[in-house]
Amino acid sequence: MAKLYFRYGAMNSGKSTALLQAAYNYEERGQHVLLAKPTIDTKDADRISSRLGVTREVDFLVDATADIRALFAEHRARVQQQARDALVPDADATRADVACLLIDEAQFLTRDQVDDLLRIVVLDGIPVLAYGIRTDFQTQAFPGSRRLMELAHSLEELKTICRCGRKALFNARLVGGRFVFDGDQVAIDQLTAERVTYESMCAECYLAESGGRLG
Ligand SMILES: [Zn+2]
């Protein structure tokens, strides 16, 4: 039975690396995967990039109004057609279809799009692995992550370490190197005069920097 997986963590917890590794594991067995991500992540447009230097182009981008299930169906049909063109008739049937849909930056999906991921899993029978950040810089769940927490068959935390050595839980925002605790949920680098960066932090360090605020 296909399942919806949500693998979440703070920033820099290796989500994109884990996604690309998962894709590789399928392909090593001769299976096909589809890679997608929301368009809101502008830092690398249509690519999934791991901090280890591996990058890969996505099969399709998902904007906020996109019908993700229809997009998936369209690309699935393309994979099936390519398999029909390429394979001899008695070839392994699992190689003639999409084995898995992998989503990067899944926190930026809308609630409705995550609902559609569950439909892809249950009604279309294809496993979906979604990777994303649990909460924003004010410790609030991103809409896509909240819905994935509610719907996923399987939740797996990808861990990273705070500067103090504890497990990081939150993502503190820095603008021009200074911590800020007010602003939009998504800060686009190019629109601000100063560079926006993030630091993954444990709750203790976050509260120390915020003066006790949690969003
Ligand atoms: Zn800490």
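Residues numbered from 1 in each chain as written. Predicted model: local features only at pLDDT ≥ 70, side-chain atom pairs only at ≥ 80, totals over all residues.

Within an unreviewed UniProt entry, the label attached to the protein reads Thymidine kinase, and the organism entered is Microbacterium mangrovi. In its Subcellular location (unreviewed entry) section, the UniProt record describing the protein reads: "Cytoplasm". (UniProt positions renumbered as here; feature names shortened; annotations may be inferred.)

1. Comments concerning the domain arrangement of the protein
Interface size, as often reported, equals the accessible area lost upon joining of the parts. What the domain assignment reports for the protein is domain 1 (4–160) and domain 2 (161–210). The straight-line distance from the C-alpha centre of domain 1 to that of domain 2 is 26 Å. At the junction of the two partners, domain 1 supplies 13 residues and domain 2 supplies 14 residues. Counted by class, the side of domain 1 that touches domain 2 contains five nonpolar, six polar and two charged residues. (Domains from an automatic or database assignment. Contact = placed C-beta atoms within 7 Å. Nonpolar A, V, L, I, M, F, W, Y, C, P; charged D, E, K, R; others polar.)

2. With respect to unusual backbone geometry
We note that Glu105 has phi near 55 degrees; this positive angle belongs to a residue other than glycine. The phi torsion at Thr139 lies on the positive side, around 65 degrees, for a residue other than glycine. Note on placement: Thr139 falls in the loop between β7 (128–133) and α4 (143–151). Looking at Thr139, the number of C-beta atoms within 10 Å reads 19, which means it is partly exposed. (Helix = DSSP H or I, 4+ residues; strand = E, 2+ residues; numbered from the N terminus. Buried ≥ 20, exposed ≤ 12 C-beta atoms within 10 Å, placed from the backbone.)

3. Some points on the sheet that holds strand β5 (residues 60–62)
The parallel open sheet is built from six strands, whose spatial order is β5-β2-β6-β7-β1-β8. What marks the edges here is a single partner per strand, and that holds for β5 and β8 (154–157). Strand-to-strand, the axes of this sheet are offset by a mean angle of 20 degrees, without reference to chain direction. Of the pairings in the sheet, the one linking strand β2 (residues 32–38) to strand β6 (residues 98–103) comprises five bridges and is parallel in character. Within the sheet, the bridge partner assigned to Ala36 lies in β6 and is Ile103. (Pairing = 2+ DSSP bridges. Axes fitted to C-alpha atoms, helices over the stretch in contact; angles between N-to-C directions.)

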